[in-house]
Number of protein chains: 2
Amino acid sequence: MVQVKESLSKQYNQLFEIVPPAAIRAVDIKLSAVPDIIKLTLGEPDFAVPDVVKEAVKKAVDDNDSHYAPSQGTLALRQAISDYVHERLSGPVYDPESEISVTIGASEAIYDSLSALFNRGETILVPTPTFCFYQAEALRLGLKVVEINTAPSYLFTAEMFEKAIQEHPEAKGLVLNFPGNPTGVTYDEEELKELATAIKKTDVLVISDEIYAELTYGQTHKSITNYIPEQTILIGGLSKSHAMTGYRVGFIAGPKALMKMVGLAHSGVVTTAPGPMMAGALAALTVARDAPKEMRDIYQKRRDIVLAGLQEAGFTAPTPKGAFYIFAKIPDFLPQDDEAFVYELGEKAKVGTIPGSVFGTGGEGHIRISYATSTEKLEEAMKRVIAYAKAAKEATELSTAE
Amino acid sequence: MVQVKESLSKQYNQLFEIVPPAAIRAVDIKLSAVPDIIKLTLGEPDFAVPDVVKEAVKKAVDDNDSHYAPSQGTLALRQAISDYVHERLSGPVYDPESEISVTIGASEAIYDSLSALFNRGETILVPTPTFCFYQAEALRLGLKVVEINTAPSYLFTAEMFEKAIQEHPEAKGLVLNFPGNPTGVTYDEEELKELATAIKKTDVLVISDEIYAELTYGQTHKSITNYIPEQTILIGGLSKSHAMTGYRVGFIAGPKALMKMVGLAHSGVVTTAPGPMMAGALAALTVARDAPKEMRDIYQKRRDIVLAGLQEAGFTAPTPKGAFYIFAKIPDFLPQDDEAFVYELGEKAKVGTIPGSVFGTGGEGHIRISYATSTEKLEEAMKRVIAYAKAAKEATELSTAE
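These figures come from a predicted structure and were not determined experimentally.

S.K.: Explain the overall build of chain A residue by residue, including any values.
M.R.: Scanning chain A from terminus to terminus reveals twelve helices and twelve strands. Radius of gyration (C-alpha) of chain A: 22 Å, near the 21 Å computed for a compact globule of 402 residues. With respect to the three principal axes, the spread of C-alpha positions in chain A is 75 × 60 × 50 Å. For chain A, with 402 residues in total, the buried portion stands at 65%. Summed over all atoms, the accessible surface of chain A reaches about 14,400 Å², with 54% contributed by carbon and sulfur. Charge centroids of chain A, computed over 39 positive and 53 negative side chains, lie 2 Å from each other.

S.K.: I'd like a rundown of the packing of aromatic side chains, residues and numbers included.
M.R.: All names here are of chain A. Tallying each qualifying case throughout the model produces 27 aromatic pairs over all chains. Ring centres 5.5 Å apart and planes at 80 degrees place the aromatic pair tyrosine 154 and phenylalanine 327 in the edge-to-face group. Of this pair, tyrosine 154 sits in the loop between strand S4 (144-149) and helix H6 (158-167) while phenylalanine 327 sits in strand S9 (residues 325-329), and the two are 173 residues apart along the sequence. Judged by its relative accessible area of 0%, phenylalanine 327 falls in the buried class. Plain terms: the ring middles of phenylalanine 315 and phenylalanine 341 are 6.2 Å apart, the flat faces sit at 50 degrees to each other, and that makes the pair tilted. Separated by 26 residues along the polypeptide, phenylalanine 315 in the loop between helix H10 (291-313) and S9 and phenylalanine 341 in helix H11 (residues 338-349) bring together distant segments of the chain.

S.K.: For the nonpolar core, give the residues involved together with the corresponding values.
M.R.: Grouped together as the largest cluster of nonpolar side chains are 288 residues, with contacts concentrated most on A:Leu117, A:Phe161, A:Phe315, B:Leu117, B:Phe161 and B:Phe315. The residues touching B:Phe315, leaving out its near neighbours within four places in the chain, are B:Leu310, B:Ala328, B:Lys329, B:Ile330, B:Pro331, B:Leu334, B:Phe341, B:Ile367 and B:Val385.

S.K.: Help me get a handle on the sheet that holds strand S6 (residues 205-209) of chain A, residues and values and all.
M.R.: Residue and element names in this part refer to chain A. Strand order in the open sheet formed by seven strands is S2-S8-S7-S6-S5-S3-S4, and the pairing between neighbours is mixed. The open sheet is flanked by strand S2 (100-103) and S4, the only strands paired with a single partner. Here the strands of the sheet are splayed against their neighbours by 20 degrees on average, with no regard to which way each runs. The pairing of strand S5 (residues 171-177) with S6 spans five bridges and is parallel. Residue leucine 176 lies in a different strand from S6, and its bridge partner there is serine 208. Each of strand S3 (123-128), S4, S5 and S6 touches helix H5 (residues 133-140); the most contacted strand, S4, lies at about 155 degrees to it.

S.K.: Outline the domain arrangement of chain A, supporting the account with residue identities and numerical values.
M.R.: All names here are of chain A. Looking at the assigned domains, one finds that chain A contains domain 1 (15-44 + 291-401) and domain 2 (51-285). Placing the centre of domain 1 and that of domain 2 at their C-alpha centroids yields a distance of 27 Å. Listed per partner, the contact involves 34 residues of domain 1 and 36 residues of domain 2. Buried surface at the junction of domain 1 and domain 2, both sides included, amounts to about 2,900 Å², of which 61% is carbon and sulfur. Interface area lost by domain 1 to domain 2 is led by Pro292, Lys321 and Phe359, which between them contribute 21%. There are zero salt bridges connecting domain 1 and domain 2. At the boundary of domain 1 with domain 2, the tally comes to 14 residue pairs in polar contact (both at pLDDT 80 or more). Elements represented by at least two residues in the side of domain 1 that touches domain 2 include exactly H10, S9 and strand S12 (366-370). No other element matches H10, which puts eight residues into the side of domain 1 that touches domain 2.

S.K.: Provide a residue-level description of the packing of helix H1 (residues 23-31) of chain A against H11(A), including the pertinent values.
M.R.: Residues and elements named next belong to chain A. Two elements in contact, H1 and H11, have axes separated by 11 Å at closest approach and are oriented at 30 degrees. When the axes of H1 and H11 are compared, the pair comes out roughly parallel. For the pair H1 and H11, the crossing hand works out as right-handed. Contact with H1, carried on its side by Val27, Lys30 and Leu31, involves Val342, Tyr343 and Gly346 of H11 and no other residues of that element. Looking at the contact of H1 with H11, its residues break down into four nonpolar, one polar and one charged.

S.K.: Let's hear about the sheet that holds S9(A): which residues, and what values?
M.R.: All names here are of chain A. Taking strand neighbours across the sheet as the criterion, the three strands line up as S9-S12-S11 in an open arrangement whose pairing is antiparallel. Either end of the sheet is taken by a strand with one partner, and the two such strands are S9 and strand S11 (354-355). Relative to S12, S9 runs antiparallel, the two being bridged by five bridges. Looking across to S12, one finds that alanine 328 is bridged to isoleucine 367. Where H10 meets the sheet, it contacts S9 and S12, and its direction lies at approximately 10 degrees from that of S9.

S.K.: Could you give an account of the pairing of strand S3 (residues 123-128) of chain B, naming the residues involved and the relevant values?
M.R.: All names here are of chain B. Counting buried residues along S3, six of its six residues qualify, which places the element largely inside the surrounding structure. The side-chain alternation of S3 yields two buried faces, one formed by Thr123, Leu125 and Pro127 and the other by Ile124, Val126 and Thr128. Note that S3 and strand S4 (residues 144-149) share six bridges and pair parallel. Residue pairing for S4: proline 127 is matched across the bridge by isoleucine 148. As a crossover connection, the stretch from S3 through helix H5 (residues 133-140) into S4 is right-handed. In this sheet, strand S5 (residues 171-177) lies alongside S3 in parallel orientation, the contact comprising three bridges. Pairing of threonine 123 across the sheet is with alanine 171, part of S5.

S.K.: Lay out empty space enclosed by the protein with the relevant residues and their values.
M.R.: Scanning all chains against the criterion turns up five cavities of 30 Å³ or more. The computed volume of the largest cavity comes to approximately 320 Å³. What lines the largest cavity is a set of 28 residues, among which A:Tyr111, A:Leu141, B:Tyr111, B:Arg140 and B:Leu141 lie closest to the centre. Secondary-structure elements contributing two or more residues to the lining of the largest cavity are helix H4 (105-117), H5 and helix H8 (256-270) of chain A together with helix H4 (105-117), H5 and helix H8 (256-270) of chain B.

S.K.: Let's hear about the interface of chain A and chain B: which residues, and what values?
M.R.: Between chain A and chain B, the contact holds 88 residues from the first and 89 residues from the second. Approximately 7,300 Å² of surface area, both sides summed, lies buried where chain A meets chain B, with 57% of it carried by carbon and sulfur atoms. Among the residues chain A hides against chain B, the three largest losses belong to A:Val2, A:Gln11 and A:Tyr68. Together they make up 10% of the total. Contributing elements (two or more residues each) for the side of chain A that touches chain B: helix H2 (51-62), H4, H5, H8 and helix H9 (275-285) of chain A. Residue contributions to the side of chain A that touches chain B peak at ten residues, all from H8(A). A breakdown of the residues in the side of chain A that touches chain B according to their chemical character gives 42 nonpolar, 24 polar and 22 charged.

S.K.: Before we move on, could you go through the pairing of strand S8 (residues 250-253) of chain B and cite the residues and values that matter?
M.R.: Residue and element names in this part refer to chain B. Because side chains alternate across S8, one face comprises the buried residues Gly250 and Ile252, and the other comprises Phe251 and Ala253, equally buried. Bridge analysis of strand S2 (residues 100-103) against S8 gives four bridges, and the strand direction is antiparallel. Paired with isoleucine 100 across the two strands is alanine 253, which belongs to S8. Both strand S7 (residues 232-237) and S8 contribute to a ladder of four bridges, which runs antiparallel. When the bridges of S8 are listed, glycine 237 appears paired with glycine 250.

S.K.: Give a detailed account of the packing of helix H2 (residues 51-62) of chain B against helix H9 (residues 275-285) of chain B, specifying residues and quantitative values.
M.R.: Packed helices, taken two at a time, are described by their axes: the angle between them and the distance between them. All names here are of chain B. Running from N to C, H2 and H9 cross one another at 145 degrees; their axes reach a closest spacing of 8 Å. Two packed elements cross with a definite hand, and for H2 against H9 that hand is right-handed. Residues Val52, Val53, Ala56, Val57, Ala60 and Val61 of H2 form the contact with H9, whose own contacting residues are Pro276, Met277, Ala279, Gly280, Ala283 and Ala284. Looking at side-chain class alone, the contact of H2 with H9 contains eleven nonpolar, one polar and no charged residues.

Criteria and cut-off values
- Residues numbered from 1 in each chain as written.
- Chains lettered and ligands numbered in written order.
- Predicted model: local features only at pLDDT ≥ 70, side-chain atom pairs only at ≥ 80, totals over all residues.
- Heavy atoms only, no water.
- Helix = DSSP H or I, 4+ residues; strand = E, 2+ residues; numbered from the N terminus.
- Rg over C-alpha atoms; globule rule 2.2 N^0.38 Å.
- Buried < 20%, exposed > 50% of the residue type's maximum accessible area, 1.4 Å probe, protein only.
- Areas by Shrake-Rupley, 256 points an atom, 1.4 Å probe, with all protein chains shown as cover.
- Lys, Arg positive; Asp, Glu negative; His and termini not counted.
- Charge placed at Lys NZ, Arg CZ, Asp CG, Glu CD.
- Phe/Tyr/Trp six-rings, centres within 6.5 Å; stacked < 30°, edge-to-face > 60°.
- Core = buried A, V, L, I, M, F, W, Y, C linked by side-chain atoms within 4.5 Å.
- Contact = heavy atoms within 4.5 Å.
- Pairing = 2+ DSSP bridges.
- Axes fitted to C-alpha atoms, helices over the stretch in contact; angles between N-to-C directions.
- Domains from an automatic or database assignment.
- Buried area = accessible area lost by both parts, 1.4 Å probe.
- Salt bridge = Lys/Arg side-chain N within 4 Å of Asp/Glu carboxyl O.
- Polar contact = N/O pair within 3.5 Å; in protein donor to acceptor, adjacent residues only side chain to side chain.
- Parallel < 35°, antiparallel > 145°, perpendicular 65-115°, else oblique.
- Left-handed = near helix turned anticlockwise from the far one by under 90°.
- Nonpolar A, V, L, I, M, F, W, Y, C, P; charged D, E, K, R; others polar.
- Right-handed = clockwise from strand over helix to strand, strands pointing away.
- 1 Å grid on protein atoms, 1.4 Å probe; cavity = no way out; pocket = protein on both sides within 12 Å on 5 of 7 lines; lining within 4 Å.
- Points joined across faces, edges and corners; volume = space filled by probe spheres on them.

Right, dumping it as structure tokens:
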């Protein structure tokens, strides 16, 4: 343990003070202390990485792939990403040489885009509830964040965009995330086209985080880069589609003029991604390209189990069309303060969830349930939530009757 | 290929415009076009990663180490880093829970430290010639960089520090790098103690990049954190010591009050480092802790070969006490513009080097030679340089005689 020099204890970036620490992790750590709890807290696949991906990593290690890769990633992987975006996400054909960067997960992709493409003081629109990372990073970089409440549909529509632009004509950027965390909501083709058409009339730059693209139920994901590639930075990665969270491989694609700056940010921050992890990602996007399908079918079954359980317990939630979260309204007969409720549910039902308000305006009175855990655990968790809600309801009725 | 919307082509962080692109990589790419060239350009070990490290990575992959690690790195690795810094670098005992973060190479460690601990407009002292990354990242973050020319000794002394503080009393930070890139210069115990004593009298925060610590010749590396841990952020990593550049594992250690902010920067930028790469790093710092010794002995022999060759060719250079670079003054009878000279040497002698001026004030008229390549190649390269210099000298004498 080292003591800081007292005069230096506040020598840090003051912008870091205005951002609350990562709330999801904090809740998760706190709930982990409850004995026998089933945690439906984190957005992390419980599956193992596909075997061919693992073999590719091990082969790279054996082949002494331990030297610096090109700073934007190996060309083979960038080519595979280009093919993948075009063939699977309906995106344009990005030039692997100048329009794609491989990053340390989607996290770095988001950070690099915000740091390279926006100036301090510029305004960015963030439809909420959404993954709190966007707001946190934007604020740390000194940007102005305007949250736009999308409740109760959770779909950020063309109409909402037009209204936001009228109210904030100074807006330079917009963050999209679909399928969305924490709501699981995504666009159908018509809705997406309408939104893109509205954006096209403006000079707003879109940061489109489509990391959950492969986890779309009952329809095929289409990227917004299909419509407005000239003003979009696409964020993606392997963490969700191939259960590769811990391998930390994401990517950014966009027009060359902007990617030049994004690439500078990337090489400045991390130099390059680890070679063996990139070798694994290459296998994922080529030989294991269909691996997500199998996982998706399992996620969809889990989604239905959780949705049915929550409804039986009295919660209401839109049926998620993607990702692996359900964003549920706490029923009236239960505590409405979502943060207090999450700890009560943790203590009494032994089920861990995330309070909706950490996802921004529109999230209050809700909880996020991640169904990226085993079917068995989800079934048990739902039993517990139903029993807890039933007991709570009876207690309420009893006290009302008295 | 995607066309950017014209109105958005300049929608980027204007601070990125003032920083020249990574010069070392650019020179390396340009020289790569010369047929049959021997490149002594990049600072990258030619050795393979120790086998036990490779086995540890593969085991982690087999064991499905593919989920999110704790954001600051696995606790086992942080503990190993704590032990390593204390036992091998003479540093204090850092608390693995709150005073150490595992990063994507030393690059991210430097970036996180600068972004978390300094405010826009603050001044940072950078002794030069040095690794150009520090200035580039500081400028992109909006800091003011004051270069301090350390030529001809290249050792940033207590006296130089005191003079710099008199001239720039507003300075908030200082970057140290020892053993140094590109000069190979490092401190003996007395010199380091004197510098630390001078710094201690001020509130200057030191970012001490000691990534080359294990590559110190004829003496044992001692960290400045041995003297002033209360005002130092220590940067280190496995890239140079264990030839693990492509695995991208670095670390930051410092007092808890500051590391809290550095940790926020880290988790915001990359979430966490890849699990299998951290498993490899753990093996490197435990079972393979002595691997650097063998490499160091080889580097030292190579250093002597290159130094002798350069001297025979007419170059002068201080004998490097660490790292794997020689920073040599171009002899008078050769072109003195170091950038032009590097391309001439590349074309005519077929030996690739880096112009000294990319390392900042004091580097003009010099070249950096990296001896992190095979002994055989180094011997051949020196033959070429000697032959080239001899011919050039004869031509000069001839023309003077005319």
